[in-house]
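The residues making up each chain are set out below.
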Amino acid sequence: MSEIRIRETNVLHAADVIYWLDGGTATANADMSRLSRTVSLELTTRPVDLQLAHRAGRTALWRRPTGPMIDGKATENDKKFPSPAPTFTVAGTVRDPEGYYNPRAFSVVAGTTGAHELSWYPNGHMVVLYPTPFGTRLNNGGLNGTLRWITTETVVPWAILKLTVTISPGVTMDFFAQANDEGDFILSLNRLPLLPESIDHYSATLGIRALASASPQTPIDPDTLVSMTLGDPASAAFSAGIALQVVPGEMRSMRSFEKDFLTVQPSSP
């Protein structure tokens, strides 16, 4: 059999990768599960020569080659990435067409992670999406409710709720949920351990980050949210963290004092 002759080689370098993560599966980004479904991208900022390898849980970013074709077979030196690697911004909105995850805006400076030096780019950018009430998995109870501004009683869209549960002295677990465009949320306690025999509940604190200028029609970048206060269920007071009790397996509807919803107001300066 005659040897195959390679007359020329086109060397393509992957520039970076974005991992799409499920914010309901863990506290730290590095521990979150990748999305098992493919999301849609609406890019507003991108290089004109950007190409995507888009699939469930990750999107690889490629740039069209700027160098000429290599005569013959590429050598290891020909395959090396340019150093320093050129950086570029990719920004836009990511959506789940089936509505299991809230849409969000995002922006990453790509080409900076050194991801190309590692197997399938484990150092890529992590972008977190949070389940909608429709997409939230419940098998161990949780919290639900609707968020409204105290002054206007209009909905608070896209806010992030954080529940910190004290598991034992000095040991806590954090759980997150994001309100949808109508201010509705479900916070799942799927990772909460069973109660020890000696206690009948866990003590917890619920906090919120929101944006006064947020519009239900325009998804936001959760990183732009700021701390707010919540109306206490038992009094007219507002607090950055309202105290409550949670029990694995129980669902609790959150309402502020004398309201059918959970009220929100900006933190005091």
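Colleague: Before we go on, may I ask you to explain the overall build of the protein chain in this structure?
Modeller: Scanning the protein chain from terminus to terminus reveals one helix and 19 strands. In the protein chain, the share of contacts with a sequence separation of at least 24, taken over all contacts with a separation of at least 6, comes to 66%.

Colleague: Sorry, what's going on with the packing of aromatic side chains here?
Modeller: Aromatic ring pairs are reported here in terms of the distance separating the ring centres and the angle at which the planes meet. Counted according to the given criterion, the structure contains two aromatic pairs. Seen from their ring centres, Trp-20 and Phe-106 are 5.4 Å apart, and the 85° between their planes marks the pair as edge-to-face. Here Trp-20 is found in strand S2 (residues 14–22), whereas its partner Phe-106 is found in strand S8 (residues 104–110), with 86 residues between them in sequence. According to the relative accessible area criterion, Phe-106 is buried, its value standing at 3%. Aromatic side chains Tyr-100 and Phe-134 sit 4.8 Å apart centroid to centroid with 45° between the ring planes, which places their arrangement in the tilted category. Of the two residues, Tyr-100 is situated in the loop between strand S7 (88–95) and S8 and Phe-134 in the loop between strand S9 (125–129) and strand S10 (142–149); the sequence distance between them amounts to 34 residues. The ring of Tyr-100 carries the charged tip of Arg-37 above its face, separated from the ring centre by 3.9 Å. Above the face of the Phe-261 ring, Arg-148 is positioned so that its terminal group lies 5.6 Å from the ring centre.

Colleague: Would you explain unusual backbone geometry in this entry?
Modeller: Most peptide bonds take the trans configuration, and most residues that are not glycine carry a negative phi. Unlike most non-glycine residues, Glu-153 shows phi in positive territory, near 60°. By the element assignment, Glu-153 lies in the loop between S10 and strand S11 (160–168). Not every positive phi belongs to a glycine, and Glu-258 is a case in point at roughly 60°. Checked against the element boundaries, Glu-258 lands in the loop between strand S18 (251–253) and strand S19 (262–266).

Colleague: I'm lost on the sheet that holds strand S3 (residues 40–45) in this one. Help?
Modeller: Whether parallel or antiparallel, the strands of a sheet pair through hydrogen bonds between backbone atoms. The three strands lie next to each other as S3-S7-S8, forming an open sheet whose pairing is antiparallel. On the outer flanks of this sheet lie S3 and S8, each paired with one strand and no other. Sheet twist, expressed as the mean angle between neighbouring strand axes with direction ignored, is 30°. In this structure, S3 lies alongside S7, joined through five bridges in antiparallel fashion. Bridging across to S7, Leu-41 finds its partner in Val-94.

Colleague: For this particular structure, what's the right way to read the confidence of the model for the protein chain?
Modeller: As a note on interpretation, predicted positions should not be read in detail where pLDDT is low. Scored by pLDDT, the protein chain has a mean of 87; 82% of the residues are at 70 or more. Contacts from residues 114–122, a stretch scored under 50 in pLDDT, to residues over four places away or in other chains number 15 contacts.

Colleague: It is not clear to me how the environment of Pro-86 should be interpreted in this structure. Could you clarify?
Modeller: With respect to the helices, strands and loops of the structure, Pro-86 is situated in the loop between helix H1 (76–79) and S7. Taking C-alpha positions, Pro-86 is 8.6 Å from Ala-110, a pair spaced 24 residues apart along the chain.

Colleague: What is the right way to look at the side chain of Thr-229 in this model?
Modeller: Take Thr-229: it is sitting in strand S15 (residues 226–231). When near neighbours in sequence (up to four residues on either side) are disregarded, Thr-229 contacts Ile-208, Phe-238, Ser-239, Ala-240, Thr-263, Val-264, Gln-265, Pro-266 and Ser-267.

Colleague: Where do I start with the environment of Val-264 in this structure?
Modeller: Mapped onto the elements, Val-264 comes out in strand S19. Along the backbone, Val-264 and Ile-208 are 56 residues apart, and their C-alpha atoms lie at a distance of 8.4 Å. Aside from chain neighbours lying at most four places away, what touches Val-264 is Leu-147, Arg-148, Trp-149, Ile-150, Val-156, Ile-208, Met-228, Thr-229, Leu-230 and Phe-238.

Colleague: Looking at this structure, I do not really get the pattern of salt bridges. What am I missing?
Modeller: The tally for this structure, following the rule as stated, stands at six salt bridges. For the salt bridge of Glu-42 with Arg-95, the shortest nitrogen-to-oxygen distance reads 3.0 Å. Placement of the pair is Glu-42 in strand S3 and Arg-95 in strand S7, with a sequence separation of 53 residues. Judged by its relative accessible area of 30%, Arg-95 falls in the partly exposed class. Lys-259 is paired through a salt bridge with Glu-153; the nearest N and O atoms lie 3.0 Å apart.

Colleague: I keep staring at the nonpolar core and nothing clicks. Help me out?
Modeller: If you look at soluble globular proteins, the nonpolar side chains tend to sit buried side by side. Grouped together as the largest cluster of nonpolar side chains are 30 residues, with contacts concentrated most on Leu-147, Leu-163, Leu-206 and Val-246. Of all elements in the fold, only S10, S11, strand S12 (171–178), strand S13 (184–188), strand S14 (202–210), S15, strand S17 (242–246) and S19 reach the threshold of two or more residues within this core. Examining the composition of this core, we find that five residues originate from one element, S14, more than from any other. Ignoring any residue separated from it by four or fewer positions in sequence, one finds Leu-147 in contact with Thr-154, Val-155, Val-156, Ala-159, Leu-161, Ala-179, Gly-183, Phe-185, Ile-208, Leu-262 and Val-264. One finds Val-94, Tyr-101, Ala-110 and Leu-129 within the second-largest nonpolar core, a separate group that totals 16 residues.

Definitions and limits used
Residue positions are counted from 1 within each chain, in the order its sequence is given. A pLDDT threshold of at least 70 governs which residues receive local features in this predicted model, and a stricter bar of 80 or more applies before side-chain atom pairs are shown or counted, although totals over entire chains, interfaces and linings include all residues. Note that water and hydrogens are dropped before the side-chain values are worked out from all heavy atoms of the structure. Numbering goes from the N terminus for both helices and strands, where a helix is a DSSP run of H or I of at least four residues and a strand is a run of E of at least two. Contacts were defined at the residue level, with two residues in contact if any of their heavy atoms lie within 4.5 Å. Pairing of aromatic rings covers Phe, Tyr and the six-membered ring of Trp, with a centre-to-centre limit of 6.5 Å; geometry is then stacked below 30 degrees between planes, edge-to-face above 60, and tilted otherwise. With a 1.4 Å probe rolled over the protein chains alone, any residue whose accessible area is under 20% of its type maximum counts as buried; one over 50% counts as exposed, and the rest are partly exposed. Charge over a ring is defined by NZ of Lys or CZ of Arg lying within 6 Å of the ring centre and within 35 degrees of the ring normal. The pairing criterion is simple: DSSP has to find at least two bridges between the two strands. For helices, the fitted line uses only the C-alpha atoms of the stretch in contact; every axis is such a line through C-alpha atoms, and the angle between N-to-C directions lies from 0 to 180 degrees. On a range of 0 to 100, pLDDT expresses the predictor's confidence in each residue. Salt bridges are defined as contacts in which a side-chain nitrogen from Lys or Arg sits within 4 Å of a carboxyl oxygen from Asp or Glu. Definition used in this section: a nonpolar core is a set of buried Ala, Val, Leu, Ile, Met, Phe, Trp, Tyr and Cys residues joined via side-chain atoms within 4.5 Å.

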